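Commentary on secondary and tertiary structure
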Amino acid sequence: MTNDKNKKQILFILLLAHLLTIVDIFIVNVAIPSVQYGLGATHAKIQLVVTMYMIGFASFLIIGGRMGDHYGRKNIFLLGMFLFMISSALCGFASSSEQLIIFRFFQGISAGLMSPQVLSYIQVLFKDHKERTYAIGWYGIAIGIGTTLGQFMGGFLVELKPIVVDQSWRYIFLINIPICAISIALASKYLVRSKDQFSLQMDYTSAFILCLGLITLVSALTIGMEQGRYLLKILLPISLVFLFWFVFRQKRKKERAKDALLNLTLFKHRNFNMAVIAVALFMLMLDAYFFVLAIFLQNGLQLPPMQAGYFIVFQGAGFILASLFSAKLVLQFGKKVLVFGIVMIISALVLQLVLFYYNQVGITGYLVMVIHGVGVALVLPSFANIALKGLPENMIGNASGVYSTLQQLFGALGIALTGGIFYFVLKGDNSFTHFYNAFVYATFIHLFCLIGVWIILICLPQSILPQKLMKTSVN
């Protein structure tokens, strides 16, 4: 039996791994100009350095959740952490952009094995609604810390003197090695064993089909847009064929009473459907926002990497600050907190357009970043709670994998889509005017996504989150 002290130790270990997977998204963002210059990468290839990590992540999240159910969540967590350490070392010593893209993909796969176990453990160990809400709150805080630490470390490490390596951007990957080693030791000692005894065998063929579909889809939106419409017209239909094949295969397996990689009955739950649509739109905005912002600050406003990272850190500071009390607010006020958070993010983006027009990144700019971070903290963590609420325990691993897959997939698609439009508007012109115009187009896409999330939240019932208020109103 797991007591409260053990639960806290386990939660710390899980969130450390979750933080690491988040850091490795954002630590690369600030280092993008340095990596691109160091490896001589094109715009499309530098987008793939970011997105292929997320595609590898997304491709293995579903099967990672199922493997945790079947082989044991502790075993798969440790395997993922070990592979993350090895792939990080390979990224740090990559000699070309092509090698880095491939190693980033495998780094994403290892993250995809770890991440579903985090949400699965939270759902299994924290059964009380209030207890689980606070655990999800700390899950959100880890996102904020990962975002902040990633932006800061990205700017800090690329400005270090390259002593043990030829280029300082390599430190952003090599720093993972000692962290992973410590995490493996802690997880081996404290993580309890957990599995679904009714879980059946894995469908590796479906996982491979899904992986091919996601890779070709993102490649179509990055390389296809850079190389011309001809390549886009080839890759996009191929990706759709793979994705439809994947869904058809899951449906056939269900009809034959076989254990499918994706349990399609998940989509019979309204809460799950609404949450994944909302998080898809939200992630189309969020990761692309940081990608474009990091480029604009360094190449448009001509800020050094450290200063650009320091500026974005204020977003993470706002996120962490709001995460400390967002769980209590959600318990008391429900979805109203999420609606207000969306309004805050929209306001921050509009204010940012005004400030950047006048080339302002001072105190007012820092305050706008804090507002943005607070808004994200009020919104993002609760999507997972909505998606997994009311699901039977034997579906939690699969549901966690599907939810996290869509989160990473649409984050990658957001970078591919928004980044492609950003570079298309830029057209190779490095003047401030062209960079600002490209940033405006990207921001309009983000505002459109946020309005979609706002509409979904308005349509959700007030009772979707706060059981505390529901009990009070009955008495």
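In the block above lies the structure referred to throughout.
Report on the accompanying structure. (Residues numbered from 1 in each chain as written. Predicted model: local features only at pLDDT ≥ 70, side-chain atom pairs only at ≥ 80, totals over all residues. Heavy atoms only, no water.)

Looking now at the side chain of R73. Among the structural elements, R73 can be located in helix α3 (residues 73–92). When residues no more than four places from it in sequence are discounted, the contact partners of R73 are G68, Q117, S120, Y121, V124, S194 and K195. (Helix = DSSP H or I, 4+ residues; strand = E, 2+ residues; numbered from the N terminus. Contact = heavy atoms within 4.5 Å.)

F282, L297, F356 and F383 are the most contacted members of the largest nonpolar core, which has 167 residues in total. When near neighbours in sequence (up to four residues on either side) are disregarded, F282 contacts I342, I345, V376, V379, L380, F383, L450 and V453. (Core = buried A, V, L, I, M, F, W, Y, C linked by side-chain atoms within 4.5 Å. Buried < 20%, exposed > 50% of the residue type's maximum accessible area, 1.4 Å probe, protein only.)

Summarising the element assignment, S88 is placed in helix α3. A polar contact is formed between the side chain of S88 and the side chain of N176, at a distance of 3.1 Å. If sequence neighbours within four positions are ignored, S88 has contacts with Q107, F173, L174 and N176. (Polar contact = N/O pair within 3.5 Å; in protein donor to acceptor, adjacent residues only side chain to side chain.)

Further remarks concern a nonpolar patch on the surface. A grouping of L79, F82, L83, I86 and L90 is seen on the molecular surface, where their side chains present a nonpolar patch of about 400 Å² in accessible area. Residue class for L83 comes out partly exposed when judged on its relative accessible area of 34%. (Patch = residues over 30% accessible without salt bridge, like charges linked within 9 Å, V, L, I, M, F, W, Y side chains within 5 Å. Areas by Shrake-Rupley, 256 points an atom, 1.4 Å probe, with all protein chains shown as cover. Salt bridge = Lys/Arg side-chain N within 4 Å of Asp/Glu carboxyl O.)

On to the pattern of salt bridges. Enumeration according to the criterion identifies two salt bridges in this entry. For R104, the salt bridge is made with D24, and the minimal N-O distance between the two is 4.0 Å. With R104 in helix α4 (residues 97–125) and D24 in helix α1 (residues 4–39), the pair connects residues that are 80 residues apart, well separated along the chain. Judged by relative accessible area, R104 falls into the buried class, the value being 0%. One salt bridge connects K45 with E98, and the closest N-O pair in it is separated by 2.4 Å. Separated by 53 residues along the polypeptide, K45 in helix α2 (residues 43–71) and E98 in helix α4 bring together distant segments of the chain.

To continue, consider helix α10 (residues 270–300). Along an α-helix, a turn takes 3.6 residues, which lines up residues three or four apart on a common side. Over its 31 residues, α10 extends 43 Å from the first C-alpha to the last, a length consistent with the 45 Å expected when each residue adds 1.5 Å. Taking the largest bend as the criterion, α10 deviates by roughly 25°, centred on F282. Summarising burial for α10: 25 of the 31 residues are buried, a large majority. Trailing α10 by a residue or two, Q302 shows a phi angle of about 60°, which is positive. (Expected span 1.5 Å × (residues − 1). Bend = angle between axes of the 7 residues up to and from the residue.)

All right, on to the packing of helix α12 (residues 335–357) against helix α15 (residues 432–459) then. Look at α12 against α15: their axes get within 10 Å of each other, and the N-to-C directions meet at 165°. Put simply, α12 runs roughly antiparallel to α15. Note on packing geometry: the crossing formed by α12 with α15 is left-handed. Residue composition of the contact of α12 with α15, grouped by class: 24 nonpolar, three polar and one charged. (Axes fitted to C-alpha atoms, helices over the stretch in contact; angles between N-to-C directions. Parallel < 35°, antiparallel > 145°, perpendicular 65-115°, else oblique. Left-handed = near helix turned anticlockwise from the far one by under 90°. Nonpolar A, V, L, I, M, F, W, Y, C, P; charged D, E, K, R; others polar.)

Okay, the packing of aromatic side chains next. All chains considered together, the criterion is met by 22 aromatic pairs. Seen in terms of ring centroids, F105 and F106 are 5.6 Å apart; in terms of plane orientation they differ by 70°. Their pairing is edge-to-face. For F105, a relative accessible area of 12% translates into the label buried. Ring centres of W169 and F173 lie 6.3 Å apart, and the angle between their planes is 90°; on these two criteria the pair is classed as edge-to-face. By the ring-pair criterion, three or more aromatic residues cluster together here, those being F296, Y310, F311, F314, F356, Y357, Y358, Y366, F432, Y436 and F439. (Phe/Tyr/Trp six-rings, centres within 6.5 Å; stacked < 30°, edge-to-face > 60°.)

Once that is clear, we can look at unusual backbone geometry. What you tend to see is this: most non-glycine residues have negative phi, and most peptide bonds are trans. The phi torsion at Q302 lies on the positive side, around 60°, for a residue other than glycine. Relative to the elements of secondary structure, Q302 occurs in the loop between α10 and α11 (305–333). Looking at Q302, the relative accessible area reads 57%, which means it is exposed.

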